[in-house]
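So you can see what is in the structure, the chains are spelled out below.
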Amino acid sequence: MKKIIGLFVLTLFISGCSSEYNVKITSDKIEENINIVVDKSLIGEDAGNPNDPVNPTESDDQITPFIKGDQYPFSNNTSQKYEKVVTEDKDNYYIQLNYSFLPSQYGNSTALSSCFEKHEFVENEKYYEIKLGGAFYCLYSDALTINLNTPNIVKENNAEQVNGDTYTWTINNQNVRNTDISIKIMKTTKWQQYLIYGIMIGVIVIVVIGALVLANIFANKESRNKI
């Protein structure tokens, strides 16, 4: 049952009624945030009742188990769970799922390993690199927006839109069979690079000023010797 729910959750939280998948990458962790809006009309009035002793019926309602049950960031591991918050109004359920991955774990996340035909995640001492391509198996709405945010230096990317530290791609019916997402993120933040540049410039300034001072001292010394 957990496997069935897990697969359904995958198609729902990556696609859903309102589709947005957010990832924040820093030097030591990768945070996944999924926000879903589910229209209550999708659930229907008759969800079935398998425990009815007279007329037991199987339910086709898989949304309710998703809303009420635990969800898992790894498709083959139910020991880890998403942090989950569910709120509602008269028309919709609002589900928020959060999980913080260690860099070594993210390559096995359900979102990457089960949704993309081709998925590659590289992590070493210097950088992260994400390459996703081929068919996308989890599009069940008009479009999916993927937002990747990082304060680190981005060496390469093919994002469709860049807004500050956020890199955005959209998967829709036009590219669902041939996706292409790539980004290379250094483990150095922009501020760390600015600090390094600042120190280098400071050292150069000090060396130049020191050289000018020494040159002036020698020039004055030679001038006095001539006198």
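For clarity, every value in this text was computed on a predicted model and none was experimentally measured.

How each quantity is defined
- Residues numbered from 1 in each chain as written.
- Predicted model: local features only at pLDDT ≥ 70, side-chain atom pairs only at ≥ 80, totals over all residues.
- Heavy atoms only, no water.
- Helix = DSSP H or I, 4+ residues; strand = E, 2+ residues; numbered from the N terminus.
- Buried < 20%, exposed > 50% of the residue type's maximum accessible area, 1.4 Å probe, protein only.
- Contact = heavy atoms within 4.5 Å.
- Areas by Shrake-Rupley, 256 points an atom, 1.4 Å probe, with all protein chains shown as cover.
- Pairing = 2+ DSSP bridges.
- Axes fitted to C-alpha atoms, helices over the stretch in contact; angles between N-to-C directions.
- Phe/Tyr/Trp six-rings, centres within 6.5 Å; stacked < 30°, edge-to-face > 60°.
- Lys NZ or Arg CZ within 6 Å of the ring centre and 35° of its normal.

**Topic: the overall build of the protein chain**
Assigned secondary structure in the protein chain consists of four helices and eleven strands. Residues counted as buried form 36% of the 227 residues belonging to the protein chain. Here the contacts in the protein chain between residues at least 6 apart in sequence split such that 59% fall between residues at least 24 apart. Counting every atom, the protein chain has about 14100 Å² of accessible surface; 52% of that belongs to carbon and sulfur.

**Overview of the sheet that holds strand β4 (residues 92-101)**
The seven strands lie next to each other as β3-β4-β2-β1-β7-β10-β9, forming an open sheet whose pairing is mixed. The strands lining the two open edges of the sheet, one partner per strand, are β3 (83-88) and β9 (161-163). When strand polarity is set aside, the average angle formed by the axes of neighbouring strands in this sheet is 15 degrees. Direction of pairing for strand β2 (residues 30-39) relative to β4: antiparallel, over a ladder of ten bridges. By the bridge assignment for β4, Ile34 is matched with Leu97.

**Focus on the packing of aromatic side chains**
One pass over the structure, following the stated rule, counts eight aromatic pairs. Pairing Tyr82 with Tyr99 gives two aromatic rings, centres 6.3 Å apart and planes at 80 degrees, and the pair type is edge-to-face. Taken as a pair, Tyr82 in the loop between α2 (63-68) and β3 and Tyr99 in strand β4 lie far apart in primary sequence, 17 residues in all. The burial state of Tyr82 is the same as that of Tyr99; both residues are buried. In textbook terms, an aromatic cluster arises when at least three aromatic residues are bridged by ring pairs, as seen for Phe74, Tyr82, Tyr99, Phe101, Tyr106, Phe121 and Tyr128. The side chain of Lys184 reaches across the aromatic face of Tyr127, ending 4.3 Å from its centre.

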